[in-house]
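Tertiary structure, described
What follows is the residue order along each chain.
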Amino acid sequence: MKKLWVNGGLHDAETARVSVLDHGLTVGDGIFETIKAVDGRPFALEPHLDRLTRSARGLGLPAPDLDEVRRACAAVLDANPMPLGRLRITYTGGLSPLGSDRGDAGPTLVVALGETSRRPDTTAVVTVPWTRNERGALAGLKSTSYAENVVALARAHEQDASEALFGNTAGRLCEGTGSNVFVVLDGQLHTPPLASGCLAGITRALTVEWTGAHETDLPLDVLERADEIFLTSTLRDVQAVHRVDGRELPGAPGPVTAKAMRIFAERAAQM
């Protein structure tokens, strides 16, 4: 990454700065979006910007200037050519006093791009003992308050897995640290509803639309009997699960997952 956007313009990555008193740093008062960029083209940019606005509203931040965000994304993509990138939009409460009160300096906007590679077709996941609070103030928001995801993902890596899955406080299946989860039961495709507390994933929504998956309230232990399991996220697209905790799912991706992968790839290529 050569250049990134900070508060109105491009800066060299080595010298770009935000204040150490930025509310996003001191108390995690911020939101973000991660967007896949293929050969300089952001995938599903507008749905991501819609969600950025919804997250800002949910956190009580001023609505982002989407024209500026679009300009920032275009400038960063143009300045950092790469075949496959992770475009990151971060929007915070800005310079603020220490503590939870916000200042009046206005929000901070940072747009950066990092190179990434295609994920494998299958992966392993684990469940973790911590829960998502489906009734919390941050439920369903793409918040920078991500520490519990860091802890859970570290647990997954300790067990040679790439993702950790959460239940919610009611013991229902919710989501991963950075993904949504789908299961196949008796040939039918299901994913937890937004009421479970999961993020309204952009890839999740496209997968539901394109495959006809059902939004279903599911117990966490459905993972012990599902015929197939897969994850969706911006950088995973549709990724099959071949192991959940100690349970192997031989033959992954199974037929329903393989069809979903094919449909997603075909439809995404047309966007």
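Located above this text is the structure these notes cover.
Residues numbered from 1 in each chain as written. Predicted model: local features only at pLDDT ≥ 70, side-chain atom pairs only at ≥ 80, totals over all residues. Heavy atoms only, no water.

1. Some details on the pairing of strand E1 (residues 3-6)
Going by this rule: Pairing between strands is defined by DSSP: at least two bridges between them are needed. By definition, any uninterrupted DSSP run of H or I lasting at least four residues is a helix, any uninterrupted run of E lasting at least two residues is a strand, and each is numbered from the N terminus.
Examined bridge by bridge, E1 and strand E2 (residues 9-12) share 4 bridges and lie antiparallel to one another. Of the residues in E2, the one forming a bridge with valine 6 is glycine 9. If you look at the hairpin formed by E1 and E2, you'll find 2 residues sitting between the two strands, and asparagine 7 has a positive phi there, around 45°. Of the pairings in the sheet, the one linking E1 to strand E6 (residues 108-115) comprises 2 bridges and is antiparallel in character. Across the sheet, residue valine 6 finds its bridge partner in E6, namely valine 110.

2. Digging into a nonpolar patch on the surface
Heads up, the rule is: Residues enter a patch when their relative accessible area is above 30% and they make no salt bridge; the linking distance is 9 Å between like charges and 5 Å between nonpolar side chains (Val, Leu, Ile, Met, Phe, Trp, Tyr). Working definition of accessibility: Shrake-Rupley area with a 1.4 Å probe, residue cover restricted to the visible protein chains. Here a salt bridge means any side-chain nitrogen of Lys or Arg lying within 4 Å of a carboxyl oxygen belonging to Asp or Glu.
A contiguous nonpolar surface patch, about 520 Å² in accessible area, is contributed by Val20, Leu21, Leu25, Leu95 and Leu98. With respect to the helices, strands and loops of the structure, leucine 98 is situated in the loop between strand E5 (84-92) and E6.

3. A look at unusual backbone geometry
Residue proline 253 follows alanine 252 across a cis peptide bond; omega there is 0°. By the element assignment, proline 253 lies in the loop between strand E15 (247-248) and helix H6 (255-269). For aspartate 39, which is not glycine, the phi dihedral falls at a positive 50°. Following the sequence through the fold, aspartate 39 ends up in the loop between strand E3 (30-38) and strand E4 (41-42). Positive phi, close to 50°, is recorded for aspartate 186, a residue that is not glycine.

4. Looking at the sheet that holds E3
What counts, and what does not: For this analysis, residues touch if any pair of their heavy atoms sits within 4.5 Å. Inter-axis angles, ranging from 0 to 180 degrees, are taken between N-to-C directions of lines fitted to C-alpha atoms, where helices are fitted over the stretch in contact.
Pairing is antiparallel across the open sheet formed by 6 strands, whose spatial order is E2-E1-E6-E5-E3-E4. The outermost strands of the open sheet, each flanked by one partner alone, are E2 and E4. With 8 bridges joining them, E5 and E6 adopt antiparallel strand pairing. By the bridge assignment for E6, arginine 86 is matched with glycine 114. Sitting on the sheet, helix H2 (residues 45-59) touches E3, E4 and E5, and the angle it makes with E3 is about 175°.

5. Thoughts on the environment of tryptophan 5
Threshold: Partly exposed describes any residue whose relative accessible area lies between the buried limit of under 20% and the exposed limit of over 50%, with all areas from a 1.4 Å probe on protein chains only and scaled to the type maximum.
Relative to the assigned elements, tryptophan 5 resides in strand E1. Look at tryptophan 5 and you get buried, because its relative accessible area is 9%. Sequence-wise, tryptophan 5 and alanine 72 are 67 residues apart; in three dimensions their C-alpha atoms are separated by 6.0 Å.

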